[in-house]
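The lines below spell out each chain.
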Amino acid sequence: MTDQAETGFDQVLQFTVPARDARGRVVRLGPVLDTVLSAHAYPAPIRNLLAEALALTALLGALLKDDDGQLTMQAQTQDGVVDLLVCDYRGGELRGYVRHDRARLDELGPHPSLHALFGDGYLAITFDLSSSDQRYQGIVPLEGDSLARACESYFFQSEQVPTLIRVSVHSEGGRTVAGALLVQHLPDGEEGRERLHARLDHPEWEHVAALAGSLTPAELTDPQLGLENLVWRLFHEESEVRVARGLPLTRGCRCSAEHYRELLARFGEAQRAEMANDDGLIVVDCAFCSKEFPLRFD
Ligand SMILES: [Zn+2]
C-alpha cells in the first residue's frame, strides 16, 4: 500500500525552470475523481470526457495565485450530443457535470471524437480573482482532437502565452485516474498578462516543449511515479528546477438547502409561488451533485 504522497493522487505540483523562463503544473486525480464521477451514472465516453475536463480544470485552477479565486471551464454547443460541460475549481475544490443526449451518444460507439461529441462548439475559460474582483474570460472554438488542445489555443490566443498541455485518463476495475501537465513560457516573468510578442519558435521554449513533450500518457497516470519524480524525469538535465506543492484537491460543491433558501428568499412571494409545484414545494436541483432540494416557503 503506497501512501498519497507517493501516488500523487489528488495533488498538484508547481514547478519552474528559471533558466528557461518556464513554469509548469502537474496534477493527478485519483479518489477525488471517483467521488465526482460517482454522483453521475455516466456512460464511459462521458466519464472519460469529464475526467479529462476535471484534470484540466485542476491544472488551470492551480495557476490562480489567489486561494479564493475560481476557475471555470465551460464547453458548449447548440445541438451537439454533448450540449454543455461545466467544471470549476475553487480553493482546491473540484466539481463538474456533462449534459448530453444519451440516445444520440449510444450511436457514436465507444470512442467518439471531440467533434462527434460537440459538433461546432466553443470552450470558455474564466479566471475569477476574488481579491481584486477581476475576471478574465477567453473563448476559443472547440477544435482539435481534445479539450487539452482547445486549452492550449486559449492560452495562445487569449493570453499570448506559449503553452503545452498533456492529459491522460486511465480506467481500470471501476476506478479512474487522470493526470495532466502544463508547461508555459513566460519570458516576462510570472506576472505579465499583456504580451505582444509571443513566439512559439523561441529557442528556450522549443527546448522546454521538447522535454515536456517526451512525457508518455502512462507516466501521467502511473501511481508508482510520484509527481516530483515525474518532473525530475523530464527536466533532470536542467541546472535548476524549483518545485512546490499546490493546494490538495478535494471534491466540493456549494449546494445546500440553506444556500438555495437564501437565494430564493431574494425573490418576491409572488415569484416564488410561480416556481412552486402543486405541493407548494420549489424543487431546485444541483447538476454537479445530481441532487434535488425540495424547499417550502411559508
Ligand atoms: Zn451540488
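Everything below is about the structure shown above.
The paragraphs below set out a description of the structure included in this document. Numbering of residues starts from 1 in each chain and follows the order in which that chain's sequence is written. At least 70 in pLDDT is required for a residue's local features to be given in this predicted model, at least 80 for side-chain atom pairs to be given and counted, and no such filter applies to totals for whole chains, interfaces and linings, which use all residues. The side-chain figures draw on all heavy atoms in the structure; neither hydrogens nor water molecules are used.

1. Quick look at the sheet that holds strand 9 (residues 175-185)
Then step 1. The rule for pairing is simple: two strands pair if DSSP sees at least two bridges between them. Working definition: helices are DSSP H or I runs of at least four residues, strands are E runs of at least two. Numbering for both runs from the N terminus. Taken in spatial order, the five strands line up as 8-9-2-1-10 in an open sheet, and their pairing is antiparallel. Two strands in the sheet have a free side with no partner beyond their single neighbour: strand 8 (163-172) and strand 10 (242-245). The mean inter-strand angle of the sheet, taken between neighbouring strand axes irrespective of direction, is 15°.
Then step 2. Pairing geometry for strand 1 (residues 11-17) and strand 2 (residues 22-29), over seven bridges, is antiparallel. Counterpart to Phe15 in the pairing with strand 2 is Gly24.
Then step 3. Here helix 9 (residues 227-235) sits on the sheet in contact with strand 1, strand 2, strand 9 and strand 10, set at roughly 30° to strand 1. All axes are obtained by fitting lines to C-alpha atoms, using only the stretch in contact for helices, and the reported angles, taken between N-to-C directions, cover 0 to 180 degrees. By the convention used here, residues are in contact when the closest approach between their heavy atoms is within 4.5 Å.

2. Quick look at the packing of helix 2 (residues 31-38) against helix 3 (residues 44-61)
Then step 1. Contact pair helix 2 / helix 3: the axes reach a minimum separation of 11 Å and the direction vectors enclose 130°. Taken together, helix 2 and helix 3 sit at an angle that is classed as oblique. Pair helix 2 / helix 3 crosses with right-handed handedness. In contact with Leu33, Val36 and Leu37 of helix 2, helix 3 contributes Arg47, Leu50, Ala51 and Leu54.
Then step 2. In the scheme used here, Gly and all other residues not listed as nonpolar or charged are polar, with Ala, Val, Leu, Ile, Met, Phe, Trp, Tyr, Cys and Pro taken as nonpolar and Asp, Glu, Lys and Arg as charged. Here the residues of the contact of helix 2 with helix 3 sort into six nonpolar, no polar and one charged. Oblique is the label for any angle not covered by the other classes, which are roughly parallel (under 35 degrees), roughly antiparallel (over 145) and roughly perpendicular (65 to 115). Crossing handedness is read from the near helix: turned anticlockwise from the far helix by less than a right angle, it gives a left-handed crossing, and turned clockwise, a right-handed one.

3. Let's talk about the coordination of the zinc ion
Then step 1. Taken together, Cys253 (SG), Cys255 (SG), Cys286 (SG) and Cys289 (SG) make up the protein donors of the zinc ion, found 2.2 to 2.3 Å from the metal.
Then step 2. Metal coordination here is assigned from N, O and S atoms located within 2.8 Å of the ion, or within 3.2 Å for Na, K and Ca; omission of water means that sites may look incomplete. Just to be clear on the cut-offs, tetrahedral is four donors with all angles between 85 and 135 degrees, square planar is four donors and octahedral six with opposite donors over 155 degrees apart and all others between 65 and 115, and anything else goes down as irregular. Here the zinc ion is ringed by four donor atoms whose angles at the metal span 104 to 115°, and the overall shape comes out tetrahedral.

4. Thoughts on helix 7 (residues 203-212)
Then step 1. When accessible area is computed with a 1.4 Å probe and restricted to protein chains, residues below 20% of their type maximum are described as buried, those above 50% as exposed, and intermediate ones as partly exposed. Of the residues making up helix 7, those classed as buried are Trp205, Val208, Ala209, Leu211 and Ala212. Along the axis of helix 7, the buried residues cluster in a sector spanning 160°; they form a single face. Exposed residues on helix 7 whose side chains face more than 90 degrees from its buried face are Pro203 and Ala210.
Then step 2. For helix 7, the elements touching its buried residues are strand 2, strand 8, strand 9 and helix 9. In this context, the arc is that of the directions from the helix axis out to the C-beta atoms.

5. Quick word on the pattern of salt bridges
Then step 1. We define a salt bridge as a side-chain nitrogen of Lys or Arg found within 4 Å of a carboxyl oxygen belonging to Asp or Glu. Tallied over the full model, the rule gives 14 salt bridges.
Then step 2. Because the salt bridges share partners, they merge into one network encompassing Asp145, Arg149, Glu152 and Arg166.

6. Side note on the environment of Ala62
Then step 1. With respect to the helices and strands, Ala62 occurs in the loop between helix 3 and strand 3 (70-76).
Then step 2. Here Ala62 falls in the buried class, since its relative accessible area comes to 7%.
Then step 3. Linking Ala62 and Leu263, residues 201 residues apart in sequence, is a C-alpha distance of 29 Å.
Then step 4. Setting aside its immediate chain neighbours within four residues, Ala62 contacts Val12, Gln14, Arg25 and Tyr89.

7. Quick look at the nonpolar core
Nonpolar side chains tend to gather and get buried jointly when the protein is soluble and globular.
Then step 1. Core analysis: the largest hydrophobic core is formed by 66 residues, its most contacted members being Leu49, Leu60, Leu85, Phe118 and Leu123.
Then step 2. Among all residues touching Leu123, those that are not within four sequence positions of it are Met73, Gln74, Ala75, Gly138, Ile139, Val140, Leu142, Ala150 and Cys151. Within this scheme, the nonpolar core is defined by two criteria: the residues are buried Ala, Val, Leu, Ile, Met, Phe, Trp, Tyr or Cys, and they are joined through side-chain atoms within 4.5 Å.

8. Let's talk about helix 3
Then step 1. In this model helix 3 runs 25 Å from its N-terminal to its C-terminal C-alpha over 18 residues, within 8% of the 26 Å that 1.5 Å per residue would give.
Then step 2. The buried fraction of helix 3 amounts to 15 of the 18 residues, a majority that puts the element mostly inside the structure. Expected span of a helix, by definition, is 1.5 Å for each gap between consecutive residues, and there is one gap fewer than residues.

9. What about the pairing of strand 1?
Then step 1. Within strand 1, five of the seven residues are buried, which leaves it mostly tucked inside the rest of the structure.
Then step 2. The turn joining strand 1 and strand 2, which pair antiparallel and follow one another in sequence, is formed by four residues; a positive phi near 55° is taken by Asp21.
Then step 3. Here four bridges tie strand 1 to strand 10, and the two strands are oriented antiparallel to one another. Opposite Leu13, over in strand 10, you have Arg245 as the bridge partner.

10. Focus: the packing of aromatic side chains
Then step 1. Only Phe, Tyr and Trp rings are paired, with Trp represented by its six-membered ring, and only when their centres lie within 6.5 Å; those with planes under 30 degrees apart are stacked, over 60 edge-to-face, the remainder tilted. Evaluated as defined, the whole model comprises five aromatic pairs.
Then step 2. Of the aromatic side chains, those joined through ring pairs into one cluster are Phe127, Tyr154 and Phe155.
Then step 3. The criterion is that NZ of a Lys, or CZ of an Arg, lies within 6 Å of the ring centre and within 35 degrees of the ring normal, and then a charge sits over that ring. Sitting over the ring of Phe288, Arg95 keeps its end group 3.8 Å from the ring centre.
Then step 4. Above the plane of the ring of Phe297 lies Arg261, whose end atom (NZ or CZ) is 4.9 Å from the centre.

11. Considerations on the sheet that holds strand 4 (residues 82-90)
Then step 1. Strand order in the open sheet formed by six strands is 7-6-3-4-5-11, and the pairing between neighbours is mixed. Edge positions in the sheet fall to strand 7 (134-141) and strand 11 (250-251), since each has one partner strand and no second.
Then step 2. Here strand 3 runs beside strand 6 (residues 122-129); their pairing, made up of seven bridges, is antiparallel. Looking at the pairing, Met73 lines up with Ile125 of strand 6.
Then step 3. Lying over the sheet, helix 3 contacts strand 3, strand 4, strand 5 (93-100) and strand 6, oriented at roughly 35° with respect to strand 4.

Remember, this is a structural readout, not a statement about activity or role.
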